[in-house]
Amino acid sequence: MQSAAPTPAPAPAAIPPPGQDRVGGPSLAARIARAFLYQRELTPLVLLIGVFVVFAIDSGSSFTSTLSIAAAAGYAGPIGAIAVSQVLLLVLAEIDLSAGQVFLLTPWVEYWLHTGGVPVVPAILLALVVAASVGAINGMITVFLNVPSFVTTLATNFILFGVVLVGSNDASASPIPLSGQSGFASSVMGNSNWAEIIWVLVITIILGLLLTRTRFGVRIIATGGHIVGAAEAGVPIRRVKIWAFVLASTVAGLVGIVDAVKYGTLDPGQTGIDYILYAVGACVIGGTALTGGRGTVYGAFIGALLLGLLEDGLTVAGISTNDFYIYVGAVIIFAMALNVQFDRVVARSKARR
Amino acid sequence: MSDELQPDQATPATNGKLALEVRGVTKRFGALEVLRGIDLSLHQGEVLGLVGDNGAGKSTLVKILSGFHPQDGGDLLIEGQRVGLSSVGSARAHGIETVYQDLALIPQLPVYQNLFLGHELTRFGPLRILDKAQMRKLSRQYLDDIHVNVPSVDADSDQLSGGQRQAIAVARAVRVATKILLLDEPLAAMGARESRLIIDLVKDLASSGRVSIIVIDHNFAHLFELCDRLLVLQGGRITVERQVHETSLEELTELMVSSYRAQLEAVSEAGA
Ligand SMILES: Nc1ncnc2c1ncn2[C@@H]1O[C@H](COP(=O)(O)OP(=O)(O)O)[C@@H](O)[C@H]1O
Ligand SMILES: [Mg+2]
């Protein structure tokens with residue numbers, strides 16, 4: 001995560017916060033403790049591995065089988081896609097409650113266009129433009145009318161659900177273009193078992209780099225961390241927010257199309273609000289607080305994987321999936337409590353300086 | 001720097017051209033009329049001090065000049081050209097850099113990223129990948145050059161003391177100032193050593209003659225050391241203007257008090 005300076009500088013940045021490095025170096029235990037404090041992805045990663053090991057011991061090969069892992073990935077994919085793009089908004093202290101519904105709407109738009117005679121590729125691209133536009137509208141209403149995004153996107157969530165119901169005449173749709181076909185393009189777009197989770201992984205890496213390595217990322221952190229300070233430093237805070245909404249919506253729409261190709265049918269009655277709730281859960285589990293200024297894209301992906309493994313593992317173990325919800329709630333509270341505790345320790349160690 | 005002899009104290013280091021002109025600028029917040037018609041001119045290479053009571057509207061004027069607030073009326077001219085400063089970015093494009101009174105650094109960003117905020121060094125063209133190594137290196141060099149001590153350029157800014165944060169905020173603007181630098185109480189809440197450091201930094205910049213500076217401060221000793229000319233802002237207008245070498249602490253205090261008294265009388269007459 002940390003890029004080393006090429007100069008033989010006196011303060012190398014191996015373990016943050018590097019300002020605290022002492023001569024002689026800290027003990028191994030102290031280093032590990034510090035790594036967990038400052039690399040928030042580590043805790044959910046350990047949790048993820050722990051959950052995997054527990055289920056693997058408990059259920060053996062029926063859990064570790066390709067089929068079972070693919071099922072876990074199937075649960076994690078949609079949550080992960082929405083979660084990792086939601087991190088950008090959470091760092092901005094914003095949220096997009098309509099992202100789940102955009103995930104569901106976008107393949108509908110593609111389907112409608114395609115059945116109306118538009119070829120597949122332009123249909124997909126146009127559907128993505130629609131997804132991006134929803135994000136732009138969410139962003140502009142939030143920024144220019146100065147409405148909390150929680151309210152803006154709650155409203156668009158209902159509107160988009162209505163659009164699907166009205167547009168589909170309450171009838172489900174199939175076949176989805178590219179679905180069930182062989183060939184490279186349709187495999188990539190979702191027919192392959194692993195396509196969706198690989199899409200999400202690639203998006204995670206891109207958004208992770210975006211947040212930590214680019215000017216846009218700095219602008220997001222600055223705007224979410226201290227909006228007045230950012231504005232005074234010349235950060236175009238409104239533009240930054242609108243683009244983050246556009247990005248989050250587009251990612252949700254893109255993976256929504258992949259998901260539709262994977263399953264082959266669209267059900268108009270499905271609601272998107274579930275997705276966003278799981279996604280925010282995954283963000284929290286991954287170490288992103290909802291206070292703005294901080295967040296980790298990679299952590300959100302790990303959080304989504306954790307939820308996927310949990311759902312799949314409980315199914316395989318033959319435990320009623322109803323238990324799943326209790327586990328999810330417990331993990332979120334645990335993660336949140338841990339994060340708050342970590343923040344406190346970090347704040348105290350800073351204050352002591 | 002500070003003890004250098006200044007050969008020509010009588011004439012400020014200006015060439016007679018105007019860097020900035022403010023004509024009849026007004027600003028109100030709701031019913032509150034903060035600026036009632038500000039006229040001032042800033043010569044090239046000049047250091048102009050601005051004083052006034054709390055709430056006089058000094059920060060509001062600075063925020064108009066830095067593109068943060070739009071003015072309600074009046075004109076701004078930069079090097080003789082009328083300009084509209086619609087954003088911090090557009091003011092910056094005209095060469096205006098600002099240190100705000102609230103000097104907000106971003107607590108979640110390390111020192112070097114705060115120092116470069118709004119001026120990030122990036123690579124790969126439109127991808128705008130941060131050149132972190134270069135920014136770290138330049139930050140370290142620059143902070144060393146101006147003798148600002150921070151534990152590390154990688155320390156988050158909420159690890160710094162108030163004075164250190166202030167020094168970083170001032171350094172950020174001074175580093176990139178090309179034409180006009182606005183400093184809104186840059187020395188507030190600073191220790192003696194840090195104040196000295198900032199004063200020297202600003203004097204250094206001023207002596208180059210390239211940059212014209214407006215500085216707001218409550219400390220007359222600082223202002224007399226830094227400035228060529230002083231303005232007093234009262235009741236939404238500039239009420240007093242003095243060349244520093246033509247006035248004294250006593251005169252300035254007296255002028256401020258008497259015009260304050262005059263205002264009070266005007267108010268009580270209007271009320272009667
Ligand atoms: N954004 C704002 N909205 C409303 N009132 C403001 C705003 N900014 C400043 N004011 C008011 O304008 C007046 C001048 O403030 P300011 O320019 O900060 O004064 P100074 O910097 O001279 O102390 C004060 O009464 C202040 O409360
Ligand atoms: Mg002020």
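All figures in this text were calculated on a predicted structure; none of them were measured in a lab. Position numbers for residues start from 1 in each chain and track the written sequence from start to end. Here chains are named by letter from A upward and ligands by number from 1 upward, in the order in which they appear as written. In view of the model being predicted, local features appear only for residues whose pLDDT reaches at least 70, and side-chain atom pairs are presented and counted only at 80 or more, with totals across whole chains, interfaces and linings using the full set of residues. Water and hydrogen atoms play no part in the side-chain values, which are based on all heavy atoms of the structure.

## Notes on the coordination of the magnesium ion (ligand 2)
With water excluded from the atoms, a metal site may look incomplete; its donors are any N, O or S atoms within 2.8 Å, or within 3.2 Å for Na, K and Ca. Here the magnesium ion (ligand 2) is held by the protein donor atoms Ser59(B) (OG) and Gln101(B) (OE1), which lie 2.0 to 2.1 Å from it. One end of the pair, Ser59(B), is in helix α1 (residues 58-65); the other, Gln101(B), is in the loop between β6 (96-99) and α3 (111-115), and 42 residues separate them in sequence. Helical segments are the DSSP runs of H or I of at least four residues, strand segments are the runs of E of at least two, and each set is numbered from the N terminus.

## A few points about the pairing of strand β11 (residues 229-234) of chain B
All names here are of chain B. Each residue gets one of three labels from its accessible area relative to the maximum for its type: buried under 20%, exposed over 50%, partly exposed in between, using a 1.4 Å probe on protein chains only. With 6 of its 6 residues buried, β11 lies for the most part within the structure. Because side chains alternate across β11, one face comprises the buried residues Arg229, Leu231 and Leu233, and the other comprises Leu230, Val232 and Gln234, equally buried. Pairing between two strands requires that DSSP report at least two bridges joining them. Here strand β3 (residues 47-51) pairs with β11 via 4 bridges, running parallel. When the bridges of β11 are listed, Leu48 appears paired with Arg229. Relative to strand β12 (residues 237-243), β11 is paired through 6 bridges, and the arrangement is antiparallel. Bridging from a neighbouring strand, Leu233 pairs with Ile238 of β12. Counting the residues that bridge the hairpin from β11 to β12 gives 2 residues, and of these Gly235 lies at a positive phi of roughly 55°.

## Examining the confidence of the model for chain B
All names here are of chain B. Across chain B, pLDDT averages 89, with 94% of residues at or above 70. Note that residues 1-12 has pLDDT below 50 and, in this model, 10 contacts with residues that lie over four places away or in other chains. Model confidence for the complex is summarised by a pTM of 0.88, with the ipTM given as 0.86. Confidence of the prediction at every residue is given by pLDDT, a number between 0 and 100. For this analysis, residues touch if any pair of their heavy atoms sits within 4.5 Å.

## Topic: the confidence of the model for chain A
With 92% of its residues at a pLDDT of 70 or more, chain A shows a mean pLDDT of 90. Scored below 50 in pLDDT, residues 18-22 of chain A shows 13 contacts in the model against residues more than four places distant or in partner chains.

## Points about the sheet that holds strand β4 (residues 73-78) of chain B
Residue and element names in this part refer to chain B. Sheet architecture is open: 4 strands sit in the order β2-β1-β4-β5, paired in antiparallel fashion. Both edges of this open sheet fall to β2 (32-43) and β5 (81-83), since each of them pairs with a single strand only. On average, each strand axis in the sheet is inclined to that of its neighbour by 25°, with strand direction left out of account. For β4 and β5, the ladder comprises 3 bridges, and the chain directions are antiparallel. Geometry is summarised by axes, namely lines fitted to C-alpha atoms with helices restricted to the contacting stretch, and by angles between N-to-C directions that run from 0 to 180 degrees.

## Overview of unusual backbone geometry
Note that the residue after Ser174(A), namely Pro175(A), is joined by a cis bond; omega there is -5°. Phi at Glu79(B) takes a positive value of approximately 50°, unusual for a residue other than glycine. Within the secondary structure layout, Glu79(B) lies in the loop between β4 and β5. For His147(B), which is not glycine, the phi torsion reads 60° and is therefore positive. Mapped onto the elements of the fold, His147(B) is located in the loop between α4 (132-145) and α5 (162-176).

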